[in-house]
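Here is how the chains run, residue by residue.
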Amino acid sequence: KDFSLSNEKDAHASNSDENSERGNWSNKGDYLLSMVGYAVGLGNVWRFPYLTYQNGGGAFLIPYTLMLALAGLPLFFMECSLGQFASLGPVSVWRILPLFQGVGITMVIISTFVTIYYNVIIAYALYYLFASFQKVLPWSDCFSWADEFCSKTRLVSDCNATLDGEIIHANYSFITSNNLTCMNGTINYKPVQFPSEQYWNKVALQRSSGLDETGNIVWYLALCLLLSWMIVGAALFKGIKSSGKVVYFTALFPYVILLILLVRGATLEGALDGIEYYIGRQSNITKLMEAEVWKDAATQIFYSLSVAWGGLVALSSYNKFHNNCYSDAILVCVTNCATSIFAGFAIFSILGHMAFVSERPVSEVVDSGFDLAFVAYPEALSKLPVSPLWSFLFFFMLLLLGLDSQFATIETLTTTIQDIYPKVMKKLRIPITLGVCILLFFLGLICVTQAGIYWVNLIDHFCAGWGILIAAVLEIIGIIYIYGGNRFIEDIEMMIGKKSRLFWLWWRMCWFFITPVLLMAILVWSLVTFSPPSYGSVLYPAWGTAVGWCMIIFCVIWIPIIAILKIVKAEGNLCQRIVSCCRPAANWGPYLECHRGERYSHVVDHKKKKEHEIPTVSGFVY
């Protein structure tokens with residue numbers, strides 16, 4: 001049957017699609033690689049290896065694996081099932097529970113904020129990628145841009161030594177001029193900055209003194225940002241039909257580069273020291289007694305799998321109804337975690353070599369986030385023969401890791417628009433997709449000023465933090481406790497077939513108790529340990545912190561606003577109104593009539609849904 005709203009064909013859909021109105025993935029490979037690309041991002045390379053090293057090495061894999069099973073996988077499976085069952089994006093899917101539709105809006109708004117700064121990080125990778133096309137890497141030495149604090153090696157300031165049988169404390173020039181030897185453990189070093197650090201701050205970012213000093217737009221970063229948005233727009237011009245093909249390269253090629261970096265790193269002197277710090281004999285099992293380690297494991301799993309951002313629901317909504325989303329969820333989650341562990345070997349082998357060459361302990365060269373990606377690792381690569389090649393490969397890998405995550409996030413936004421305005425999206429998909437990219441490019445320009453890195457850090461600190469945790473907690477409470485966990489399981493069985501009670505035992509334990517408790521614990525911990533934002537040693541002004549709070553309030557305020565609007569529009573007394581808003585909407589159920597069976601035979605046809613939907617002031621409908 002053809003359930004399309006008009007005779008015009010959307011580039012998003014084809015005649016062979018099961019759902020000719022919304023479209024489906026061309027094949028399962030497109031979907032799986034898009035999901036892997038969405039889940040596997042920059043954090044797998046620049047955050048997980050550092051967390052492992054910091055939290056006991058190999059011992060950290062124990063809480064990490066447990067948190068995958070107890071929190072990550074149950075949420076991942078739930079969101080994939082939800083999107084596939086209803087064939088709707090993260091806002092419209094809340095027909096399942098109209099009172100909580102604001103949760104979906106919160107997810108989309110947070111994804112919008114994050115996609116603004118995430119593409120700026122891709123722009124940084126593009127800049128370093130282009131900078132690698134030189135015989136000598138520009139951050140390999142203290143060139144004309146450097147100041148007096150720049151040095152390739154640590155410089156001794158003073159130390160203790162023995163002179164005529166007495167221990168003296170003297171500056172290093174006196175020690176060397178008198179042919180004395182510094183005593184072990186007494187050496188003090190001058191405060192120096194390595195070339196890669198000064199290049200990052202002075203050349204790449206042209207970093208100002210703080211958020212108060214906006215400065216000018218850094219034109220080459222703005223051009224890189226424009227290029228990154230052009231790449232995203234080009235990949236998504238036909239929606240999933242085009243992005244599903246691009247991810248065959250963007251999702252798979254990073255593994256090739258990681259393997260090349262690992263093989264090269266393993267052949268270097270000092271590589272074994274780095275790997276031992278990462279996961280070898282330096283492992284500390286006693287770390288598992290610390291609550292912080294378990295919190296880090298749960299948080300990393302939660303953010304790494306991209307749950308509660310809306311993207312999993314959006315991507316899964318294009319699956320065929322009877323696709324086995326259970327096996328897909330397990331495959332993607334395991335691939336994501338294995339990638340994190342694998343990336344750690346590639347990172348630490350080369351950092352171990354840098355520690356060996358610079359005669360420093362591994363602990364002094366290891367870092368995370370921006371400092372790993374744009375300072376420590378580029379410095380390590382600059383010490384290798386044919387360093388421009390290794391630098392190009394590394395930043396090309398960062399570019400690809402960022403892009404396929406970005407594809408899925410933009411697809412989340414366009415899917416939301418499609419569900420609300422299907423006729424408009426059918427006719428104007430390409431202009432709307434390009435319009436979204438252009439708008440987000442202009443919003444991102446503040447992040448490529450001289451104070452840009454402070455804005456990137458501010459948005460990350462607030463929007464990518466506990467706002468997502470609030471959405472996740474409400475999502476699981478709403479679906480499992482209000483809609484009904486057993487009812488949700490029956491919905492899943494309509495797609496993947498009847499399963500035994502034993503099969504569902506684990507999922508019931510997680511959904512009904514373990515996962516909500518863990519998420520609440522992480523949320524409370526995050527609120528209790530919340531600290532004002534800072535970038536390195538630079539503290540943010542009070543107005544900057546206030547802007548951060550305003551951003552996160554703007555993201556989550558829709559949850560109570562939409563709930564109140566739904567209650568106001570409902571009929572009856574207050575109690576009856578709340579109860580009616582906690583029931584699924586009249587058009588909740590499988591998208592196509594042929595999949596509804598007896599359980600959903602009462603569902604209002606989607607072609608007639610306009611008669612039954614109540615628009616809210618925000619423009620979203622259930």
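Under the annotation held in an unreviewed UniProt entry, the protein chain carries the name Transporter and is attributed to Oceanodroma tethys. Annotation of the protein chain in UniProt includes, under Sequence similarities (unreviewed entry), the sentence "Belongs to the sodium:neurotransmitter symporter (SNF) (TC 2.A.22) family." As its UniProt record puts it under Subcellular location (unreviewed entry), the protein chain is described as follows: "Membrane".

This next bit is on the overall build of the protein chain. When helices and strands are tallied, the protein chain shows 24 helices and 5 strands. The C-alpha radius of gyration of the protein chain comes to 26 Å, within 12% of the 25 Å expected for a compact globule of 622 residues. The 622 residues of the protein chain split such that 60% are buried. Nonlocal contacts in the protein chain, meaning residues at least 24 apart in sequence, comprise 81% of its contacts between residues at least 6 apart. For the protein chain, the accessible surface area stands at approximately 24,600 Å², while carbon and sulfur atoms represent 64% of it. Side chains of the protein chain carry 41 positive and 43 negative charges; the gap between the two charge centres is 11 Å.

Residues F237, I430, L434, I438 and F442 make up a contiguous nonpolar surface patch of about 450 Å² in total accessible area. With respect to the helices and strands, the residue I438 is situated in helix α18 (residues 422-443).

This part is about the UniProt feature "binding site: Na(+) 1" (unreviewed entry) in the protein chain. Per the UniProt record, "binding site: Na(+) 1" (unreviewed entry) is found at G37, A39, V40, S304, N336, L401, D404 and S405. These annotated residues cover 369 residues of sequence, but their C-alpha atoms sit close together, with the largest distance between any two at 14.0 Å. Checking the annotated residues one by one, the ones that line the second largest cavity turn out to be D404. For A39, the position within the fold is in helix α1 (residues 28-39). Taking the relative accessible area as the measure of exposure, A39 reaches 3% and is therefore buried.

What counts, and where the lines are drawn
Residues numbered from 1 in each chain as written. Predicted model: local features only at pLDDT ≥ 70, side-chain atom pairs only at ≥ 80, totals over all residues. Heavy atoms only, no water. UniProt positions renumbered as here; feature names shortened; annotations may be inferred. Helix = DSSP H or I, 4+ residues; strand = E, 2+ residues; numbered from the N terminus. Rg over C-alpha atoms; globule rule 2.2 N^0.38 Å. Buried < 20%, exposed > 50% of the residue type's maximum accessible area, 1.4 Å probe, protein only. Contact = heavy atoms within 4.5 Å. Areas by Shrake-Rupley, 256 points an atom, 1.4 Å probe, with all protein chains shown as cover. Lys, Arg positive; Asp, Glu negative; His and termini not counted. Charge placed at Lys NZ, Arg CZ, Asp CG, Glu CD. Patch = residues over 30% accessible without salt bridge, like charges linked within 9 Å, V, L, I, M, F, W, Y side chains within 5 Å. Salt bridge = Lys/Arg side-chain N within 4 Å of Asp/Glu carboxyl O. 1 Å grid on protein atoms, 1.4 Å probe; cavity = no way out; pocket = protein on both sides within 12 Å on 5 of 7 lines; lining within 4 Å.

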